[in-house]
Structure formats: structure tokens, C-alpha cells
Amino acid sequence: MGRGKLRIYLGAAPGVGKTYAMLSEAHRRTERGTDCVVAFVEHHGRSRTEVLLHGLEQVPRRELEHRGARFTELDLDAVLARAPRVALVDELAHSNVPGTRNAKRWQDVEELLAAGIDVVSTVNIQHLESLGDVVESITGVRQRETVPDEVVRRADQIELVDMSPQALRRRMAHGNIYQPDKVDAALSNYFRPGNLTALRELALLWVADRVDEYLQQYRSEHHVSKIWGSRERIVVGLTGGPEGGTLIRRAARLAEKGAGGEVLAVYIARSDGLTSASPKQLAVQRTLVEDLGGTFHHVLGEDIPAALLDFARGVNATQIILGSSRRKAWQYVFGPGVGATVARESGPDLDVHIVTHEEVAKGRGLPVARGARLGRSRIVWGWLTGLGGPVLLTLLLNTVHLGLANDVLFYLALTVAAALLGGLYPALASAAVGSLLLNWFFTPPVNRITIADPRNMLALAIFVGVALSVASVVDVAVRRTHQAARLRAESEILSFLAGNVLRGETSLEALLERVRETFGMESAALLEREGDVSPWTCAGRAGAGPPVGRPEDADVDMPVGDHMALALTGRVLPAEDRRVLAAFAAQAAVVLDRRRLREEADRARALAEGNRIRTALLAAVSHDLRTPLAGIKAAVTSLRSDDVAWSEEDRAELLEGIEEGADRLDHLVGNLLDMSRLQTGTVTPLIREIDVDEVVPMALGGVPEGSAELDIPETLPMVAVDAGLLERSMANLVENAVKYSPAGRSVLVAASALADRVEVRVVDRGPGVPDEAKDRIFEPFQRYGDAPRGAGVGLGLAVARGFAEAMGGTLNAEDTPGGGLTMVLTLRAAGSSGPAGAHSATAHSATAHSAGAHSATAHSATAHSAGAHSAGAHSATAHSATAERQAAR
């Protein structure tokens, strides 16, 4: 059975109707008799979507228990056993609960496709991995659940479910997406018209790019060379001259007039090296076109007009922009020029613009060498001159008698002309024919092969010798010129390659694309294997249908060492091009090695950072360890002393001091143990549904009474968090805010619901933090300003952010209007899939580690996970741990 087909409904935002469209498609297929089942569909309480589930067979979900809570997930084994023709799997980017076979739902879908089952799924544009930073800059929310772009690109069908922002907001206002109590917050935050418009544009552009890839693949597979003007693509032909900037700017203005316009600047380098481009000018023009949003391309071509037209047709361009010729008027005797030739041969579907500029008719900066490579036409003219020229000259000299010496000179000049035009062999032919005709018609006795006068014999011998010498010299000069020109072309390409490396263009895919463009190939791939008998694997590819099996299957393969090869398809390259190809292949191997070394360095850096954090933490808490130990020892010594009769009140006070010191020690040791467990990835938070107003008030036990005010609405939805982690995060934030608030100004702790999340804001009126330091205050062991060492180890905010991200939330700093700092803690509302992947132990460990939360992440999962948060216990813990939770900014 072959691989199944994947169809994806892509939307710009929640509520546009992806699941509705997927279920409607399922009903259509079922009516046609297709075996279609619902593997996993989440209707989120939307009645119209829920109705569509009726009449469709649903595979029961798998129930899993995780940390005391029950979750339902896709039952992959049940779907595989059922083996339907089509399976509906909602929310492709969803993170599975620990205990399932795969960490991500898209991995479940891959197994279904491998089993030959067609899958219909849904995903939002914000869940694509490559767009995470863009979406965060638009919405302010970092998406934690993502799916690799390649998974979506490989889909057989991608259907955009589009809806205007106004229509989506009306659906929201009518209660068709969220519950009524969440509508106002959603409309004023995530579902603002600007956010929805930007996300919609992002989705449309992404789908348009995918459609363009499919179109290019179709044209390549079906060998379509005719221009299909689906969108404006403007090719700018560059010569390396000073007029290039003018052409690029004109092309950019033309592209802006049409939606989706694209500018492609191309420089055609002739392999014979006859072009006189300025490398400096090309570098400047490359930077200019990239700054204007275009792309720069470097292509080899013997015939510049033909190569330019081939490139334009290959990228499905609609317009070509060329500059008016810089040649002098007399230079047009050598041909019409590139612009006129391109315009004549472009055809009806490709417009050619000839743009005037200040360098028109001023001549080229460098003289153009001629005759470096003998083309077919020159060789033909050389043979015509070598064979026919002596005959015509004989007829002419028979009518005009100039003497034997002059006749020999004329035949010698004709031999030199044949050598200049056609090289050695036409010159030899001209010398042989000329000598025979001289002997027959002009050397006494005429009309006979014999020569009577020895002097005439010497003249003919000198003529033949000079002719052969000149022909030989001309031929060697042509060969040396061609070799020099070829080396110049190769050095130009290698210089371009070196420039890419110096500019930091080290992406393997980008380099392979340059290889494909430079040699005019259809595809390029870098293949490698571990051993001589191991199968080949593809490390990188570019173009349509690259060879991924064996290098021998490609049209051109260039070995790189023993277990790596660069494979290209499209045509067979001449041997002289393989030297440059070998340089590209070696560079590709270097880029691949560099990428892997960078990955290893990142892993080593993470390990080193962990070791540094552990060492610094052990050094930093040494004082906090000694203080409770000293207090406990002093209290125990006092109680055991027989010299003093302690009253019951004194004895109770000493015992209370011992208990508080023991609590502090337990807290600090727990932090150290939890840090080690966190870095080994063995700790996961206990996620359960709780009310914010159950936890936040408990976090105020470590601050003076009256120093903080609460504003938490009773209608606030429940959040999916670890209660202990949330309490510790809030305690750190509130203590930090109280520390920097001026006397008499209380800290405000307010909460509000925003779409599928809840925001808790801790607002102070202190001195605030400049923008450049807002990220730095979340790093471990950072105390902003001149806070003394005794003010804490600088872990408070780092721990708070680590806890927040471990629960699938975010923590950021904002300026308080009127002065001060506001800490914004964003949490995932209960019952929403949300952006957080809080169920994944690995994700939690990595997230918390990156935030610097190395101290007490697992604390709530151990001591606090049982829910034993009595007010007294918390107060004692929070009070005793105040020093270590200081987040000195």
C-alpha cells in the first residue's frame, strides 16, 4: 500500500472555520461512499461545529492520567487497526500528553500517512515554526505549540480558510467562537482588527508562496517554457556597470505597482571571461537589490541574450529591464547588442524595457577582448578564407600583374587572415593551396609544377615557412587567450562564492540553490553516507526532483571525500566546468560541517552554562545555608544548657526558631535538588485547573501587610497551571515589586481574561527599568542597579520566568504608565489547547533551563504538588526564603 495523502485546512486565526470546513468535506466524502472516520476533532463547545459530527463515525479517544488529571488524546493504535480510507485529525500542532507514543500530533499523522491512510487536518498560521517570531511581534504571544514548516509544505493539498477581520469579529461578538464572558477581552486583545489583518496577510502570503512552488514544480516536470503571467516578476539584467542602481530602482517601482511583485537581479558571467564587470559595482548592486526586497542571481552563459531569456523563462518572469547600451556608435557594426537581441527574441509574453541612464553611449569602462574562443562561425569563415580566398586572389592577380614578390605577399596576407579567423588548420590549408597556385600561375615556367629559377624556389619556401609560423603563433595565442579567459571566469565565480561566505550566507540550501543557478541545472543535492556499504542520505537539496538515492543516478556527481557527493540533474557538464563545481562541492561540505559544529557548540554551551549556573548557585546560597544552621545550633545549645532555666515562652520561641531554620534549610536544599532534576529533564509540573484567586493571595505572605492590593474578578476563568509554581512565581514578583516601591505606595496585583489566556499584572510605582535592561533582569544572578550582595542571589525574576514558561505561560516586563514597572504573567486558560506545551517533560526542562530558572522548578512538583499549602506553612516558607528570592533589578 502506498503512502496516504495529506490535506490541510490553513487558517489565519481561531474561529475562521477550519474544523467546520474539514467536517463538511468529511460529509461530502461519506456521501460519495468513502470510508471516512473522525480520529480526533475538537469543537471547543461551538454548537454549529458540534452538529457536523453527527452522522460521522468517531474513533474513541484514548484516556490518559497525568499527575492526577485525566486527558484525552488521539488513539493512534485504534485508528491504525480500524484502517479507514480517510481520517480526520484536528489541531496538527498539538502537543500530546506524556505517555503517548509521539510527542506531537503531526508525528501521529505521519504514522497514519505511512500506513496508507489519507488524513485531513487543520492548523493556524501562527503555529508554523518559522513564523513564531513574526507572530509574536504581531500579537505579543509566543506560540509554544508549533509544527515544522516542512510537514505542512509536504501536504498534497493546502486549502486556505479565509475570513475578513470584520466578519471574524462579528462571529466573536455573536458568541460563535468563545463564551460570552470572554468575548470583550478577546475583541480588545488578540482579535483586534490590526492583529487579524496582519495574520491574514501572513497566511495569504504563505499560501501564495506554496502555490508558486507548486507552479514552478509543474512547469519543470512538464517542460513548460511559455511565460505564465500569474504574478509580476521583473528580471533586471546587470552588466556590473554604474547604471545597475538605476535599473534596480526602476524595477522596484514597477514591482510596487502590482500586488505580489518580485524583483530578480541577474548577472550573466560568460565562461570565456569576455565580460568586463566591476566586482565592486556588483557588490553594491547586490546589496541594493536585497535591501529593496529582491534577490540577486549569478548565472554562467556563453550567449548572454540567450542565457538571460532562459533565466527569465525559468523563473516565469513577466518583464525584463535592461539599460540602454553604453557602446559607442561605431561599435554597433559588430552586432545589434544585448538589448536589441533580447527584445527581438523575447516573444509576446515577455515585456522588455530599455531604460535610459547617464552612461548611455559613453563607452565601456574596459576594452572588450575579442577572439578568445573561436566560435563556429569564425571557424567556417576561416576555412572559406583558407580555401576560397586563394582562388579568388589568383583570378584577381591574373588580371593585374604586380610581379612575383607582390603576389607572394598577397598570398601571405591571405594566409595570416585565415589564421586569425579560423586558427591553425585553415591557415595550413591556405598556405598549401596558395603555394600550389603561386607555383602554377605565377612562377616560371607557368602552368607547370616545376620551378626554373632557384630564387623563386626560395621565395616559395619562405612563403610556406612564414605562413606556417604565423598560423602556429596565432593558434597558440588563441588557445592561451581562451585558457586565461576561462581561468578568469572561474576566478570570478570563486570570488563570488568567497563573497557569500564572508557575508555570512552559509545556509546549505542557499549554497545548493546557487550551484543550481550557476550551472543552469534543474536540481542539486548533497548526499552522504556513514560507510562504504551504508545507504545514501540527503543532507540538503535545491530545485525540483533532486536526486536522493545514489550519486550515480544524477547527471553530474562530484565526490567530496569518501562518503559525500554533490549530485546535480539537468544536463551533463563539460569537463572544464568540473573544477568550479569541485569548489562548490567542497564549500558545501564545509557548510554542512560548520552547521553541525555549531549545533554541537550550542549543546556544549548549554552544558557549560548549566555547570556555571550550578557553581554560581552553590556559591551564592552558602551564606543562606550558614545563617539557618547557625540559628538552629544556637537555639539547640541554649535549650540543652543546664545553666539557664528557660520559661515556657522562651522555650517555645527557641523551638519556633529551630522550626523556621529547618524550614529554610529544607527549602534551600529542595531548590538545589530540584535544579539538578530540572537540568536532567526528570521534572514535570503538575498541571491542573485552579482559580487564580485561590493561589495569588497566598503569595502575599512574605510581604508586609498592606503593601499589596488585589484586584482579581470572581468571573475570571480557571487556569491550567501548577499551583505551587504559580504561588512561587507570584511571591517572587510581589516581593520584588514591594522592595522597589516607594514608601506609602502599595503594589497592585490585577488579573484579567484575554481570549484563551489569563493575564496577571504586578504593578509598582518604583523607579522602573530602561528598555535595554528589561530582558537582562530575568537572567540569573542579575541585580539591577547598585543592590548589595546581601540583597539576594539575583534569582527571583529568573525563577519566576522559568516557572511561568514551565507552565506554558510567559513573563514580561512593561513600563507602568506614570512611572514604575509592570510584570505581566500570562497563563493558559483551562480547557484551551493554548500555545503552551506544558505536558511535555522535555519541553518544560528546556524552557525553564533557557530562562535561567535553575533553582526551584520542581519544588511545587514535590513538596507542593500534594496541595498542602496551609497559610501558616506558606508564610513561614515565604518569609524564610525572602533573601534567596530577591530579584534585585
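Criteria and thresholds
- Residues numbered from 1 in each chain as written.
- Predicted model: local features only at pLDDT ≥ 70, side-chain atom pairs only at ≥ 80, totals over all residues.
- Heavy atoms only, no water.
- Helix = DSSP H or I, 4+ residues; strand = E, 2+ residues; numbered from the N terminus.
- Buried < 20%, exposed > 50% of the residue type's maximum accessible area, 1.4 Å probe, protein only.
- Contact = heavy atoms within 4.5 Å.
- Areas by Shrake-Rupley, 256 points an atom, 1.4 Å probe, with all protein chains shown as cover.
- Core = buried A, V, L, I, M, F, W, Y, C linked by side-chain atoms within 4.5 Å.
- Pairing = 2+ DSSP bridges.
- Axes fitted to C-alpha atoms, helices over the stretch in contact; angles between N-to-C directions.
- pLDDT = per-residue confidence, 0-100.
- Phe/Tyr/Trp six-rings, centres within 6.5 Å; stacked < 30°, edge-to-face > 60°.
- Lys NZ or Arg CZ within 6 Å of the ring centre and 35° of its normal.
- Patch = residues over 30% accessible without salt bridge, like charges linked within 9 Å, V, L, I, M, F, W, Y side chains within 5 Å.
- Salt bridge = Lys/Arg side-chain N within 4 Å of Asp/Glu carboxyl O.
- Arc of directions from axis to C-beta.
- Lys, Arg positive; Asp, Glu negative; His and termini not counted.
- Charge placed at Lys NZ, Arg CZ, Asp CG, Glu CD.
- Parallel < 35°, antiparallel > 145°, perpendicular 65-115°, else oblique.
- Left-handed = near helix turned anticlockwise from the far one by under 90°.
- Nonpolar A, V, L, I, M, F, W, Y, C, P; charged D, E, K, R; others polar.

K.L.:
An account of the overall build of the chain is requested, with residue identities and associated values reported.
P.N.:
On a plain count of helices and strands, the chain comes out with 27 helices and 24 strands. Burial status across the chain gives 49% buried among its 889 residues. Taking as baseline every contact in the chain between residues at least 6 positions apart, the subset at least 24 positions apart corresponds to 73%. For the chain, the exposed surface amounts to about 41600 Å²; the carbon and sulfur share of it is 55%.

K.L.:
Run through the nonpolar core, naming residues and quoting values.
P.N.:
Membership of the largest hydrophobic core comes to 63 residues, with the highest contact counts inside it found for Leu88, Ile125, Val147, Phe191 and Trp206. With 6 residues, helix α9 (residues 193–221) is the largest single contributor of residues to this core. Membership of the second largest hydrophobic core comes to 47 residues, among which are Leu726, Val734, Val760 and Leu811.

K.L.:
Outline the sheet that holds strand β8 (residues 157–161), listing residues and values.
P.N.:
Spatial ordering of the open sheet is given by β3-β2-β6-β7-β1-β8, a layout of 6 strands whose pairing is parallel. The open sheet terminates on both sides in strands that have one partner only, identified here as β3 (57–58) and β8. Looking at chain direction, strand β2 (residues 36–40) and strand β6 (residues 86–89) are connected through 4 bridges and run parallel. From the neighbouring strand, Val38 faces β6, where its bridge partner is Leu88. Most of the contacts of helix α1 (residues 18–31) go to strand β1 (residues 6–11), to which it runs at about 145°, and overall it touches β1, β2, β6, β7 (118–124) and β8.

K.L.:
Tell me about the sheet that holds strand β24 (residues 821–828), and please be specific about residues and values.
P.N.:
Reading across the sheet, the 5 strands line up as β19-β21-β22-β24-β23 and stay open at both edges, with mixed pairing between neighbours. The two strands at the open ends of the sheet, each matched to only one other strand, are β19 (708–711) and β23 (810–815). Here the strands of the sheet are splayed against their neighbours by 20° on average, with no regard to which way each runs. Sheet topology note: the strand β21 (residues 747–754)/strand β22 (residues 757–763) ladder contains 7 bridges and is antiparallel.

K.L.:
Describe unusual backbone geometry, with residues and values.
P.N.:
Despite not being glycine, Ala83 shows a phi value in the positive range, around 50°. Following the sequence through the fold, Ala83 ends up in the loop between α3 (76–82) and β6. Assessed through its relative accessible area of 47%, Ala83 is described here as partly exposed. With a phi close to 55°, Glu91 is a non-glycine residue in the positive phi region. Looking at the element boundaries, Glu91 is found in the loop between β6 and α4 (105–114).

K.L.:
Requested: an account of the confidence of the model for the chain, with residues and values cited.
P.N.:
Interpretation of the predicted coordinates at a detailed level should be avoided for regions scoring low in pLDDT. For the chain, the average pLDDT comes to 76, and 75% of its residues sit at 70 or higher. Confidence, expressed as mean pLDDT per element, reaches its minimum in the chain at helix α27 (residues 871–880) with 33 and its maximum at β6 with 94. Below pLDDT 50 for its whole length, residues 363–372 participates in 16 contacts with residues either more than four positions away or in separate chains.

K.L.:
Break down the packing of aromatic side chains for me, citing the residues and quoting the values.
P.N.:
This model, assessed by the stated rule, comprises 0 aromatic pairs. Over the aromatic face of Phe40 sits the side chain of Arg105, whose NZ or CZ is 3.9 Å from the ring centroid. Over the ring of Phe778 we find Arg801; its NZ or CZ atom is 3.9 Å from the centre of that ring.

K.L.:
Requested: an account of the environment of Ala83, with residues and values cited.
P.N.:
Placed 34 residues apart in sequence, Ala83 and Ile117 show a C-alpha to C-alpha distance of 6.9 Å. With sequence-adjacent residues up to four places away left out, Ala83 is seen in contact with Asp35 and Ile117.

K.L.:
Describe α4, naming the residues involved and giving the relevant values.
P.N.:
When you tally the buried positions in α4, you get 7 out of 10 residues, the bulk of the element. For α4, the complete set of buried residues consists of Arg105, Trp106, Asp108, Val109, Glu110, Leu112 and Leu113. Just beyond α4, the residue with positive phi is Gly116, at close to 85°.

K.L.:
For a nonpolar patch on the surface, give the residues involved together with the corresponding values.
P.N.:
Among the surface-exposed residues, Ile379, Trp383, Leu387, Tyr425, Leu428 and Leu468 lie close enough to one another that they form a single nonpolar patch of about 530 Å² accessible area. Among the elements of the structure, α14 (376–399) and α16 (424–442) are those that each provide at least two residues to the nonpolar patch. The biggest single contributor to the nonpolar patch is α14, with 3 residues. Looking at the secondary structure, you find Ile379 in helix α14.

K.L.:
I'd love a proper account of the pairing of β21, names of residues and values included.
P.N.:
Among the 8 residues of β21, 6 are classified as buried, and the element is accordingly described as predominantly covered. The pairing of β19 with β21 spans 4 bridges and is classified as parallel. Residue pairing across strands places Ala708 opposite Val747, the latter belonging to β21. Count of turn residues in the β21/β22 antiparallel hairpin: 2 residues, of which Ala755 carries a positive phi of about 55°.

K.L.:
Lay out helix α7 (residues 165–173) with the relevant residues and their values.
P.N.:
Burial in α7 covers these residues: Pro165, Ala167, Leu168 and Met172. One face of α7 carries all of its buried residues, which in axial projection span an arc of 165°.

K.L.:
For a positive patch on the surface, give the residues involved together with the corresponding values.
P.N.:
A surface patch of positive charge is lined by Arg249, Arg250, Arg253 and Lys257. Here Arg250 is to be found in helix α10 (residues 244–257). Take Arg250: its relative accessible area is 34%, and that puts it in the partly exposed class.

K.L.:
Got a sec to walk through the pattern of salt bridges? Specific residues and values, please.
P.N.:
Scanning the entire structure with this criterion turns up 28 salt bridges. For Arg105, the salt bridge identified is with Glu73, shortest N-O distance 3.1 Å. With Arg105 in helix α4 and Glu73 in strand β5 (residues 69–73), the pair connects residues that are 32 residues apart, well separated along the chain. Classification of Arg105 as buried rests on a relative accessible area of 0%. Classification of Glu73 by relative accessible area gives buried; the value is 2%. Several salt bridges share partner residues, and in doing so they unite Arg7, Glu25, Arg28, Arg29 and Glu159 into one network.

K.L.:
I'd like to hear about the packing of helix α15 (residues 404–422) against α16, residue by residue, with values.
P.N.:
The interhelical angle for the contact between α15 and α16, taken along N-to-C directions, is 160°, at an axis separation of 7 Å. Considered as vectors, α15 and α16 are oriented roughly antiparallel to each other. Considering the relative orientation of α15 and α16, their crossing is right-handed. For the pair α15 and α16, the contacting residues are Leu404, Asp407, Val408, Tyr411, Leu414, Thr415, Ala418, Ala419 and Gly422 in the first and Leu424, Pro426, Ala427, Ser430, Ala431, Gly434, Leu437, Leu438 and Phe442 in the second. Counted by class, the contact of α15 with α16 contains 13 nonpolar, 4 polar and 1 charged residues.

K.L.:
An account of a negative patch on the surface is needed here, citing residue identities and associated values.
P.N.:
A surface patch of negative charge is lined by Glu648, Glu649, Asp650, Glu653, Glu656, Glu659 and Glu660. By secondary structure assignment, the location of Glu649 is in helix α21 (residues 648–679).

K.L.:
Got a sec to walk through the side chain of Ser707? Specific residues and values, please.
P.N.:
Looking at the secondary structure, you find Ser707 in the loop between α22 (692–695) and β19. Once you skip the residues sitting within four places of it in the chain, Ser707 turns out to touch Val738, Ser746 and Val747.

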